[in-house]
Amino acid sequence: MFKSRILSAGSWYPSLGRRFILLVVIVLASTMGVTTLVNYNSQNSLFLQNLQNKGSMVGRFLAEISVEAILSYDFVTLNDYVRDVTGGEDIVYAVIVSPDGKNMTSYLDFNDPYLRQISTSAELTQVMPVIKQLNSLPEIISMEFPILFGGKALGNVVLGMTSKRVNDLSRQDLYRQLLGSGFIILFLAACIFLVFRISALRPIVRLVEGYRRVSQGDLDTVVNVSSDDELGRLALAFNKMVAKLKASTQEKDTVLVQLQDLNANLESRVEERTQELAIVNKELEHLALHDPLTNLPNRSLIQDRLQQCVFEAKRDKHSFSVIMMDLDRFKEVNDTLGHNFGDLLLMEVGQRLRQVIRETDTFGRLGGDEFAVILPGADIETGMLVANKLLTALEDSINIDGMELSISASLGIASFPEHGVNPSSLLKSADVAMYEAKQNKEGYCVYQFNNDPNTPRRLSLMGELRRAVAEDTLSLAFQPKIHLQSKKVIGAEVLLRWQHPDKGFIPPDEFIPLAEQTGLIKPLTEWVIRNAFESYARWCGSGLRVPLAINLSMYNLRDNHLPGFVNSMLAQHHVQSSDITFEITEGTIMHDPLQTMKILSAMEDMGICLSIDDFGTGYSSLSNLKKLPVHELKIDKAFVMDMASDNDDVAIVRTIIDLASNLRLSVVAEGVESEHAFELLKTMGCDSAQGYFISKPIFESEFLQFVAQRKFRLEPQLKISRK
Ligand code: C2E
Ligand code: CA
């Protein structure tokens, strides 16, 4: 800033040297000028004085010599005198006038430049006017000298002197002086400037140069000014200042270098930490997005990839599929062989299946024994192909800790956009399909809307059914079972009824499968058992013992608590266990024979009878049938109802009746809608019947009326047991 101010000042200020020389010149010139002017004036005055003195001498001399000529009226001599005088230097004219002012001489030098300049020759005859005119000129000095004789004035000598020559002389003298002064001034100025330059300007220039070098960063600059004056002291101070500056700059540089070192150190440490952090972050991210057990993508990552697939599929208008997989009987493995074994199994399954999956596909663990596969760009057929590959990969037994284990899985396939348009709906659909596959033991299943308990109507129905169970607003219907020979009532099948406040009657065929899929079947079955036992107890109280057949779902047979619950209900309501029959379908027995056996054995131990419902529709193996603690076969109503029109059905019914007889099981036909069927069954040796021909399922009061009728009297002791 300081530098720029100097530079800007220098741009319009004359340099110090110039200003100094200008000042010197002005001072010298004005001094010399004044001196010369004074000299000139005194010289001029002196010249004028001499001129006047000269005029006085000439005039007085003329006055003295003219006395005689005047007294003798010798005007010619007077004219001669006058002419002689006029010829003298600086005298323009000389006239002798009488005391009354008239001219006595008439000589005028007409060669005089003054006279030629002012008048024509005609006018020059008039002497006095010419003289008057001449006197009016500034350089003309007019002088009068009296001509005295014996104290009496004879006339006057009038003399006209010109100061022109004197003035010219003075002026020339002035010019000479001025010229001389000029030279002196220049000489003096040069000398003074030289001295000034040596003594003052040079140190200043050195200081300026020093300043410039320092400002350019040359801190080794030393200004050499040895004089012991202010400039010398200034240079000394300047040098000290530069030395200090150098020292502090060096110090600063050292600090700067240290700082730079520190900074570099810090930066490398930050870099190191950043890299460490990035690694940790990556690990954390990996941990957050991967399952620690199998190191496969976890639910979050699967959902994220699914979302990505949804975006891409929407944009490119193509489909993709997702497979959900769940190991069969994994819980059993876990429970019996321990969690560590379960974990090893999951790891092995994860590894094995990962090899089957392409790099571009995502295979991850959703949690527990649930896995998911995302197949970008795959349609349902491709999904099915991959599902087959996965199942094949699991066909070989798995060896864990020397133990060979056969494992199977159930897979559900859902495809975008048919089965869901977002990750959650797709996973839900795949889950439903997987559930279906597990139920049907089909390996894999493609999602079907009809099997989905999650549709809006079904979801709302589920909520309402849950409430209905909790609020006790369901009811039971009873369908009588008749002994064919005696036509006596030997019991009733308990059938659940749900009268929805808005939607009206909802058939059990609709809500039972829903309850099975959502786990509500357990409280629902318990509700049925409790209420059926209450009815039984109530009727017993009025002397009516009605054996009851209660339907059990496949899912009830997975519930190990069921026997205990039934037992406690039997005790609570004082129910004769032999009066209770549980109906289970053929499919249920076939699904998981071991588990079914376990529950059914517990029931048999309590004295409860078991009936195989809808018999003829499944493929029960006779060996299984023989092993099971079964007491009754219930011929499916489809065969019974069609007997009138279809001889094959007659044959089937006959075969079932024979089979039951051979296995020493009682047999009941359901769906008896006509007398013809009733009679046919009777002749075929069927034990009992149930159907609209006899009675539709009816509520308690109506049922009590029914059994009170004569036609079908209650005969519980007719309950058939062939074993
Ligand atoms: P299911 O066990 O085979 O029950 C017999 C079904 O046949 C009943 O239908 C009954 O009304 C009907 N039926 C009886 N006689 C005839 C006839 O002569 N002709 C025709 N066309 N049908 C006849 P519902 O009550 O609608 O029950 C349907 C199914 O719902 C039952 O089939 C059973 O599987 C299930 N279910 C009903 N109540 C319960 C229950 O409390 N628990 C369980 N787990 N399932 C139940
Ligand atoms: Ca039944």
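Rules behind the numbers
Residues numbered from 1 in each chain as written. Chains lettered and ligands numbered in written order. Predicted model: local features only at pLDDT ≥ 70, side-chain atom pairs only at ≥ 80, totals over all residues. Heavy atoms only, no water. Helix = DSSP H or I, 4+ residues; strand = E, 2+ residues; numbered from the N terminus. Rg over C-alpha atoms; globule rule 2.2 N^0.38 Å. Buried < 20%, exposed > 50% of the residue type's maximum accessible area, 1.4 Å probe, protein only. Contact = heavy atoms within 4.5 Å. Areas by Shrake-Rupley, 256 points an atom, 1.4 Å probe, with all protein chains shown as cover. Lys, Arg positive; Asp, Glu negative; His and termini not counted. Charge placed at Lys NZ, Arg CZ, Asp CG, Glu CD. Near = heavy atom within 4 Å. Polar contact = N/O pair within 3.5 Å; in protein donor to acceptor, adjacent residues only side chain to side chain. Pairing = 2+ DSSP bridges. Axes fitted to C-alpha atoms, helices over the stretch in contact; angles between N-to-C directions. Disulfide = S-S within 2.5 Å. Right-handed = clockwise from strand over helix to strand, strands pointing away. Domains from an automatic or database assignment. Buried area = accessible area lost by both parts, 1.4 Å probe. Bend = angle between axes of the 7 residues up to and from the residue. Donors = N, O, S within 2.8 Å, 3.2 Å for Na, K, Ca; no water. Parallel < 35°, antiparallel > 145°, perpendicular 65-115°, else oblique. Nonpolar A, V, L, I, M, F, W, Y, C, P; charged D, E, K, R; others polar. Patch = residues over 30% accessible without salt bridge, like charges linked within 9 Å, V, L, I, M, F, W, Y side chains within 5 Å. Salt bridge = Lys/Arg side-chain N within 4 Å of Asp/Glu carboxyl O.

J.: What is the right way to look at the overall build of the protein in this model?
T.: Secondary structure assignment for the protein yields 23 helices and 19 strands. Taking 27 Å as the expected radius of gyration for a compact globule of 723 residues, we find that the protein reaches 74 Å, considerably beyond that expectation. Buried residues in the protein amount to 43% of all 723 residues. Taking the contacts inside the protein whose residues are at least 6 apart along the sequence as the reference set, 66% of them involve residues at least 24 apart. Summed over all atoms, the accessible surface of the protein reaches about 38900 Å², with 56% contributed by carbon and sulfur. Computing the positive centroid from 72 side-chain charges and the negative centroid from 89, the protein places the two 5 Å apart.

J.: Sorry, what's going on with the site of ligand 1 here?
T.: Residues in contact with ligand 1 amount to 23 residues; listed here are only the nearest, Q479, R497, D613, E673 and Y692. In this structure, a nitrogen atom belonging to ligand 1 sits 3.1 Å away from a main-chain N or O atom of L496. At 3.4 Å from an oxygen atom of ligand 1 is found a side-chain nitrogen or oxygen belonging to D614. For ligand 1, whose accessible area on its own is 790 Å², the fraction buried by protein is 87%. Elements with a minimum of two residues in the shell around ligand 1: β12 (488-500), α14 (508-518), β16 (609-615) and α20 (637-641).

J.: Looking at this structure, I do not really get the side chain of S181. What am I missing?
T.: Looking at where S181 falls in the secondary structure, it is placed in helix α6 (residues 164-215). Setting aside anything within four residues of it in sequence, one finds S181 in contact with M32 and T36.

J.: Honestly, the sheet that holds strand β3 (residues 152-162) in this entry has me stumped. Any pointers?
T.: Two modes of strand pairing occur in sheets, parallel and antiparallel, and in both the strands are linked by backbone hydrogen bonds. If you trace the three strands from one edge of the open sheet to the other, you get β1-β3-β2, paired in antiparallel fashion. The open sheet terminates on both sides in strands that have one partner only, identified here as β1 (91-97) and β2 (140-149). With strand direction ignored, the average angle separating the axes of adjacent strands in the sheet is 15°. Pairing geometry for β1 and β3, over six bridges, is antiparallel. By the bridge assignment for β3, I91 is matched with M161. Strands β1, β2 and β3 of the sheet are contacted by helix α2 (residues 16-71), whose axis makes an angle of about 35° with β2. The sheet contacts of helix α3 (residues 75-86) involve β1 and β3, and relative to β1 the element is tilted by about 160°.

J.: What exactly am I supposed to notice about the state of the cysteines here?
T.: What the rule picks out here adds up to zero disulfides. As a non-bridged cysteine, C540 has C609 as the owner of its nearest cysteine sulfur, 15 Å distant. A relative accessible area of 31% means that C540 is categorised as partly exposed.

J.: How should the pairing of strand β18 (residues 666-670) be read in this particular structure?
T.: Remark: a regular strand shows side chains that alternate across the two faces of the sheet. With five of its five residues buried, β18 lies for the most part within the structure. Burial along β18 is two-sided: S666, V668 and E670 and V667 and A669, pointing in opposite directions, are all buried. With four bridges connecting them, strand β17 (residues 632-635) and β18 associate as parallel partners. Its bridge partner being in β18, I635 is matched across the sheet by A669. Note: β18 against strand β19 (residues 688-690), three bridges, orientation parallel. Bridging from a neighbouring strand, A669 pairs with A689 of β19. Between the parallel elements β18 and β19, the chain passes through helix α22 (residues 675-684) in a crossover that is right-handed.

J.: Would you explain the domain arrangement of the protein in this entry?
T.: Interface size is commonly expressed as the accessible surface area that is lost when the partners come together. With domains assigned, the protein is organised as domain 1 (299-452) and domain 2 (464-710). Taking only C-alpha atoms into account, the centre of domain 1 sits 37 Å from that of domain 2. Taken together, the seven residues of domain 1 in the interface contact five residues of domain 2. With both chains or domains summed, domain 1 and domain 2 bury close to 590 Å², and 40% of this area falls on carbon and sulfur atoms. For the domain 1 face of the interface with domain 2, the top three residues by lost area are Y435, Q439 and K441, together amounting to 71%. Counting across the domain 1 and domain 2 interface gives one residue pair in polar contact (both at pLDDT 80 or more).

J.: Please explain α6 as it appears in this structure.
T.: In an α-helix, one turn spans 3.6 residues; hence positions three or four apart end up facing the same way. At R197, α6 shows its largest kink, close to 50°. Phi turns positive one or two residues past the end of α6, at G217, with a value near 100°.

J.: What exactly am I supposed to notice about the coordination of the calcium ion (ligand 2) here?
T.: Ideal geometry at a metal gives 109.5 degrees between four tetrahedral donors and either 90 or 180 degrees between six octahedral ones. Those protein atoms acting as donors to the calcium ion (ligand 2) are E493 (OE), N551 (OD1), E583 (OE) and D613 (OD), and they sit at 2.1 to 2.4 Å. One chain supplies every donor to the calcium ion (ligand 2), and in sequence these donors are spaced E-x57-N-x31-E-x29-D. Of this pair, N551 sits in strand β14 (residues 548-551) while D613 sits in strand β16, and the two are 62 residues apart along the sequence. Classification of N551 by relative accessible area gives partly exposed; the value is 29%. You can call D613 buried: its relative accessible area is 7%.

J.: Which parts of the structure should I look at to understand the sheet that holds strand β6 (residues 370-375)?
T.: With mixed pairing, the five strands of this open sheet are ordered in space as β5-β6-β4-β9-β10. Both outer strands of the open sheet, β5 (362-367) and β10 (444-446), are each paired with one neighbouring strand and no more. Direction aside, neighbouring strands of the sheet carry axes that sit 20° apart on average. Where β5 lies against β6, five bridges are found, and the strand directions are antiparallel.

J.: I tried to follow the packing of helix α9 (residues 330-337) against helix α10 (residues 339-356) on my own but got confused; where do I start?
T.: In helix packing, the relevant descriptors are the interaxial angle and the interaxial distance, both defined with respect to the helix axes. In contact at an axis separation of 6 Å, α9 and α10 are set at 140° when each is read in the N-to-C sense. As summarised for this structure, α9 and α10 are arranged oblique, according to the angle between their axes. In this structure, α9 contributes F330, V333, N334 and L337 to the contact, and α10 contributes H339, F341, G342, L345 and L346. Its residues assigned to classes, the contact of α9 with α10 shows six nonpolar, three polar and no charged.

J.: Would you take a moment to explain a nonpolar patch on the surface for this structure?
T.: A cluster of nonpolar side chains, namely I184, F187, L188 and I192, defines an oily patch on the protein surface of about 340 Å² accessible area. Here I192 shows up in helix α6. The class for I192 is partly exposed, based on a relative accessible area of 32%.

J.: In this structure, what is going on with unusual backbone geometry? I would like to understand it.
T.: The phi torsion of most residues other than glycine is negative, and most of the peptide bonds are trans. Each neighbour pair has its own omega, and for F416 with P417 the value is 5°, a cis peptide bond. On the secondary structure map, P417 appears in the loop between β9 (409-416) and α12 (423-440). You will see that R329, though not glycine, has its phi angle at about 55°, which is positive. One non-glycine residue with positive phi stands out, namely H574, at about 50°. Here H574 is to be found in the loop between α16 (562-573) and β15 (580-585). By relative accessible area, H574 is classed as exposed at 69%.

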